[in-house]
Amino acid sequence: MKTASIRAIIGGTLLMASSLISASAAQPLPSQHPNSQRLSVETQGSGTDVILIPGLASSRDVWADLSANLRKNHRIHLVELAGFASTPAIANPDGKVIAPAVDALAEYIHAQHIKSPAIIGHSLGGEMALMLAARHPDLVGRVMVVDALPFYSLMFNPAATSETVAPQAAAMRNSILGQSPEQFAEFQKVSITRLAKTEAVRPALVAAGIHSDRKTIADAVYEVMVTDLRPELGLISAPIEVVYAYDTLFGVPAASVEAMYRQAYAAAPDIHFTQIDNSFHFVMLDQPERFSAVVESFLNGDASQKQSQTD
């Protein structure tokens, strides 16, 4: 399948920030949990529970427009990973970021006695949502993945495996660590134009990345590039909604983008796909009204959201 143009638009995702710097008073998890410092969570509203996970180097404020609507009828749990945006970094000697954060989120759900929450994750946060649903299926009610694949490196090579992509992932990690602050900031400024179509949101996206911890970003990039969740999709019992962006500037037919997502998620037993047009990677920022409507439908469990991938 022709994917080069798609990669040009969204292939820089892992090196980018995805929202405003948070000014919330969120607290880390209770200290009795071993992964308690891996993330912080801010809660808003009341009602059925919805957990929102941002992407790489992202602030929880990427969900600001969505949460303003959802908190009227839902209790919103806004996650931010340690080392991203305004949440302080922690020591990370084994280089793992994503898997321990998923364990921390599972501990949070247990500690707060949250029953069958909806999990919504963007980009790296989408992969966290899948990992949580696969490894802790009893904790998840339904899952929405926003513009993310179960194996990121398929973006570069449809035949990639965790083993074959490891040298490239290591090179990417080393490149991030080796950039000067000026180089890192400039790269983000250039790349964000491919990831957010709405010009007004771009400066804040860059700022969140600059305020993130460089080593945490580099470790997360390596981890997400070598983590293939496709073999675990069959373990997910919750329904999955995959929301992905499409724009004519991608330079490929919409059918090709859809085919890429459907093939990647072929092993998921209960899945539905929604394409949002005129948007780049940050769907919630480029098309906030359309995205909010899709989320509301997803949370209401509308019949249209329960179609299988073969419909």
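Please read all numbers here as calculations on a predicted model, not as lab measurements.

Next up on the list: the overall build of the protein. Within the protein, the secondary structure is distributed over 11 helices and 8 strands. Counting only residues that meet the buried cut, the protein has 57% of its 311 residues in that class. In the protein, of all internal contacts separated by at least 6 residues, the share reaching a separation of at least 24 is 80%. Approximately 12,100 Å² of the protein is accessible, and the part contributed by carbon and sulfur atoms is 53%.

Okay, the packing of helix 5 (residues 162–178) against helix 8 (residues 214–226) next. As a packed pair, helix 5 and helix 8 sit with axes 8 Å apart at the nearest point and diverge in direction by 165 degrees. The orientation of helix 5 relative to helix 8 falls into the category roughly antiparallel. When you trace helix 5 past helix 8, the crossing you get is right-handed. Facing Ser162, Val165, Ala166, Gln168, Ala169, Ala170, Met172, Arg173, Ile176 and Leu177 of helix 5, the residues of helix 8 in contact are Arg214, Lys215, Ile217, Ala218, Asp219, Val221, Tyr222, Met225 and Val226.

Its place among the elements puts Arg38 in the loop between strand 1 (27–28) and strand 2 (39–44). Here the side chain of Arg38 touches Asn92 through a polar contact of 3.0 Å, side chain to side chain. A polar atom in the side chain of Arg38 sits 3.0 Å from the backbone oxygen of Lys96. With near-sequence residues (within four places) excluded, Arg38 lies in contact with Leu81, Ala82, Ile90, Asn92, Asp94, Lys96, Val97, Pro100, Ala101 and Ala104.

To continue, consider unusual backbone geometry. Located in the positive-phi region is Ala57, a residue other than glycine, with phi close to 55 degrees. The topology assignment puts Ala57 in the loop between strand 3 (48–53) and helix 2 (64–70). Its identity is not glycine, yet Ser123 carries a phi of approximately 60 degrees, on the positive side. Take Ser123: it is sitting in the loop between strand 5 (118–122) and helix 4 (124–135).

Quick look at helix 9 (residues 254–264) now. For helix 9, the full list of buried residues reads Ser256, Val257, Met260, Tyr261 and Ala264. Axial view of helix 9: buried residues confined to an arc of 135 degrees, hence all on one face. Projecting away from the buried face of helix 9 at angles above 90 degrees are the exposed residues Ala255 and Gln263.

Here the focus is the pairing of strand 7 (residues 240–246). Of all the 7 residues making up strand 7, 7 are buried; the element is thus mostly covered by neighbouring parts of the structure. The two faces of strand 7 match: Ile240, Val242, Tyr244 and Tyr246 on one face and Glu241, Val243 and Ala245 on the other face are all buried. Across 4 bridges, strand 6 (residues 142–146) lies against strand 7 in parallel orientation. If you follow Val143 over to strand 7, its bridge partner there is Ile240. Two strands pair when backbone bridges link them, and strand 7 and strand 8 (residues 271–277) are joined in this way by 7 bridges, in the parallel orientation. Of the residues in strand 8, the one forming a bridge with Glu241 is His272.

Right, let's get into the packing of aromatic side chains. Here the structure, examined in full by the defined rule, presents 6 aromatic pairs. Relative to Phe291, the ring of Trp63 has its centre 6.4 Å away and its plane inclined at 25 degrees; by these criteria the two rings are stacked. Taken together, the residues Trp63 in the loop between strand 3 and helix 2 and Phe291 in helix 11 (residues 288–300) connect sequence positions 228 residues apart. Each ring, one from Tyr152 and one from Phe156, has its centre 5.4 Å from the other, and the planes form 70 degrees; the classification is edge-to-face. Among the residues examined, Phe156 registers a relative accessible area of 25% and is labelled partly exposed. Each member of the aromatic cluster is reached from another via a ring pair, and the members are Tyr246, Phe250 and Phe280. Over the ring of Phe298 we find Arg142; its NZ or CZ atom is 5.5 Å from the centre of that ring. Against the face of Phe184 rests Arg214, its NZ or CZ located 4.4 Å from the ring centre.

Each value, and the rule that gives it
Residues numbered from 1 in each chain as written. Predicted model: local features only at pLDDT ≥ 70, side-chain atom pairs only at ≥ 80, totals over all residues. Heavy atoms only, no water. Helix = DSSP H or I, 4+ residues; strand = E, 2+ residues; numbered from the N terminus. Buried < 20%, exposed > 50% of the residue type's maximum accessible area, 1.4 Å probe, protein only. Contact = heavy atoms within 4.5 Å. Areas by Shrake-Rupley, 256 points an atom, 1.4 Å probe, with all protein chains shown as cover. Axes fitted to C-alpha atoms, helices over the stretch in contact; angles between N-to-C directions. Parallel < 35°, antiparallel > 145°, perpendicular 65-115°, else oblique. Left-handed = near helix turned anticlockwise from the far one by under 90°. Polar contact = N/O pair within 3.5 Å; in protein donor to acceptor, adjacent residues only side chain to side chain. Arc of directions from axis to C-beta. Pairing = 2+ DSSP bridges. Phe/Tyr/Trp six-rings, centres within 6.5 Å; stacked < 30°, edge-to-face > 60°. Lys NZ or Arg CZ within 6 Å of the ring centre and 35° of its normal.

Geometry only, nothing functional implied.
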